[in-house]
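Each chain, written out:
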Amino acid sequence: MMKVETITRQKAELLAEIADMKKSRNAAFLVHNYQIPTVQDIGDFVGDSLGLAQEAVQTDVDVIVLCGVRFMAETAKLLNPEKTVLLAEREANCPMAQMVRADDLVALKGEHPGATVVSYVNTTAATKAVTDVCCTSANAVKVVNSIAEDKRIIFTPDQHLGAYVRKMTGRDIILWPGCCPTHARITAEMVLEAKGEHPRAKVVVHPECLMEVIELADAVRSTSGMLKYCAESDAARFIIGTEKGMIYPLKKRCPDKEFWPVTQEAICPNMKLTTLESVRDALKYMQYEITIPPAVAEPARRAIERMLQIGRDSAG
Ligand code: SF4
């Protein structure tokens, strides 16, 4: 078995190698909250999909290394067409993003002429290209509320986030039958069991969860919203209903508070593919570069920029 000192030295050497290449490539690391802790620790920015999209616009580097899943890297590329955007792991895909195909969405639009298409950012660039406006879990309610009241809305691909938005806005929303397989693993029974074990804890869940889970929660938040909610709450204990990796940034942000995942089973395998070695290799070999054909990129970018504009308008 390898000694602890050897592992520590190897990791230090790897981190030094990454730091050198990062400097010479003039790169930044954008890291999602569900990534493994060692990858989160090297992030220039660690956040949720909305935060990553906003940071992608602001970052002043030549190369963005996206540690997350493909749609996040595509979004970064759409907003930074002149920069090189690398997805650290080629196979890091979001299964939910693959549950809606652009041509199927076009067919549904044909059945509901005049409807506005709102697509979660967890979609491919091709799907975004046939979308009117994107949203994230942090701004979905705000985006839907910004649409003229007489418009029907087609919401893709997450039926659970869509149902939550419908409940919060009272709007006429046609739901696409997609979902996040990781959040779908969290059940009401698991929440009740966790509440039984930690009766004084607040329950905070992600809006990708089933409605039966959302109805048991004290708060429904995106991952960045969870960080803010738990930091600002008077409570000291929380049961967290989202991908288990979220416990790490919560503990980092609130070291004096306690957090338990609803279940140890809520793990997204795609979010766990990226390692320090992946990041090193991404910079070393300039892999895996994201390219999007202009005919897809132009309309897809408009749908994301429209979302970002709604955020700016509502911020005053
Ligand atoms: S946690 Fe769910 S939505 Fe997020 S990348 Fe994994 S499958 Fe996709």
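Throughout this description, residue numbers start from 1 for each chain and increase along the sequence as written. Restriction of local features to residues with pLDDT of at least 70 applies here, the model being predicted, together with a cutoff of 80 or more for giving and counting side-chain atom pairs; totals for whole chains, interfaces and linings are based on all residues. To obtain the side-chain values, all non-hydrogen atoms of the structure were used and water was disregarded.

**Details of the site of the ligand**
We count it as follows: Being near a molecule or strand, for a residue, means having at least one of its heavy atoms within 4 Å of it. A 1.4 Å probe that fits into a set of points on a 1 Å grid over the protein atoms alone but cannot get out defines a cavity; an open set with protein on both sides within 12 Å along at least five of seven lines defines a pocket, and lining residues are those with an atom within 4 Å of a point. Should more than half of a molecule's atoms lie within 2 Å of a pocket's or cavity's grid points, that molecule is taken to sit in it. Each residue is assigned to one class: nonpolar for Ala, Val, Leu, Ile, Met, Phe, Trp, Tyr, Cys and Pro, charged for Asp, Glu, Lys and Arg, and polar for all the others, Gly among them.
Taken together, the residues surrounding the ligand are Tyr 34, Val 69, Cys 94, Pro 95, Met 96, Asn 122, Cys 180, Pro 181, Glu 208, Cys 268 and Met 271. When atom positions are compared with the pocket grids, the ligand is found to occupy the second largest pocket. Looking at the shell around the ligand, its residues break down into 9 nonpolar, 1 polar and 1 charged.

**With respect to the nonpolar core**
Our working definition: What makes a nonpolar core is a set of buried Ala, Val, Leu, Ile, Met, Phe, Trp, Tyr and Cys residues whose side-chain atoms join them at distances within 4.5 Å. Remark: exposure states derive from per-residue accessible area (1.4 Å probe, protein chains only) relative to the maximum for the residue type, with buried under 20%, exposed over 50%, and partly exposed in between. By the criteria applied, helices consist of DSSP H or I runs no shorter than four residues and strands consist of E runs no shorter than two, each listed in order from the N terminus. By definition, residues are in contact when any of their heavy atoms lie within 4.5 Å.
Val 118, Val 204, Cys 230, Phe 238, Ile 240, Phe 259 and Met 307 are the most contacted members of the largest nonpolar core, which totals 66 residues. Sort the elements by how many residues they give to this core and helix α14 (residues 294-314) lands first, with 7 residues. Discounting residues that sit within four places of it in the chain, Cys 230 has contacts with Val 204, Phe 238, Ile 240, Leu 250, Cys 254, Lys 257 and Phe 259.

**Considerations on the state of the cysteines**
Filter applied, for reference: The term disulfide is used for any two cysteine sulfur atoms that are within 2.5 Å.
Taken as a whole and assessed by the stated rule, the structure comprises 0 disulfides. In this structure Cys 67 is a free cysteine whose sulfur lies 14 Å from that of Cys 268, the closest cysteine sulfur available. On the basis of relative accessible area, Cys 67 is assigned to the buried category, the value being 0%. Free cysteine: Cys 254, not disulfide-bonded; nearest cysteine sulfur from Cys 230 at 6.1 Å.

**Focus: empty space enclosed by the protein**
Threshold: Grid points are joined across faces, edges and corners, and a volume is the space filled by probe spheres set on the points.
Applying the stated criterion across every chain, the model contains 1 cavity of 30 Å³ or more. Here the largest cavity defines a volume of roughly 70 Å³. Around the largest cavity, the lining residues are Ser 49, Leu 52, Ala 53, Ala 56, Leu 66, Phe 71, Met 72, Thr 75, Ala 76 and Val 121. Of all elements in the fold, only α3 (49-58) and α4 (70-79) reach the threshold of two or more residues within the lining of the largest cavity. Among the residues forming the lining of the largest cavity, the class breakdown is 8 nonpolar, 2 polar and no charged.

**Regarding the layout of surface pockets**
The volume enclosed by the largest pocket comes to roughly 580 Å³. Counting residues per element, the lining of the largest pocket draws most heavily on α14, which supplies 6 residues. The residue makeup of the lining of the largest pocket, split by class, is 13 nonpolar, 9 polar and 4 charged. What the second largest pocket holds in volume is close to 290 Å³. Lining the second largest pocket are 28 residues; nearest its centre among them are Tyr 34, Asn 122, His 183, Glu 208 and Met 271. The residue makeup of the lining of the second largest pocket, split by class, is 13 nonpolar, 11 polar and 4 charged.

**Considering the domain arrangement of the chain**
Worth spelling out the cut-off: An automatic or database domain assignment supplies the start and end points of every domain. The quantity reported as buried area is the accessible area (1.4 Å probe) lost by two parts once they are put together, taken as the sum for both. The salt bridge criterion pairs a side-chain nitrogen of Lys or Arg with a carboxyl oxygen of Asp or Glu, the two atoms within 4 Å. Between N or O atoms, a polar contact is any pair within 3.5 Å; within protein, one atom must be a potential hydrogen donor and the other a potential acceptor, and residues adjacent in sequence are included only when both atoms are from side chains.
Parsing the chain into structural domains produces domain 1 (4-93 + 272-285), domain 2 (97-178 + 294-314) and domain 3 (183-267). Distance from the C-alpha centre of domain 1 to the C-alpha centre of domain 3: 26 Å. The interface of domain 1 with domain 3 comprises 7 residues on the first partner and 14 residues on the second. Of the roughly 850 Å² buried where domain 1 meets domain 3, counting both sides, 52% is carbon and sulfur surface. Linking domain 1 to domain 3 there are 2 salt bridges. Notably, a salt bridge pairs Glu 243 with Lys 272, separated by 3.1 Å at the nearest N-O pair. Viewed at the interface, domain 3 and domain 1 are joined by 7 residue pairs in polar contact (both at pLDDT 80 or more).

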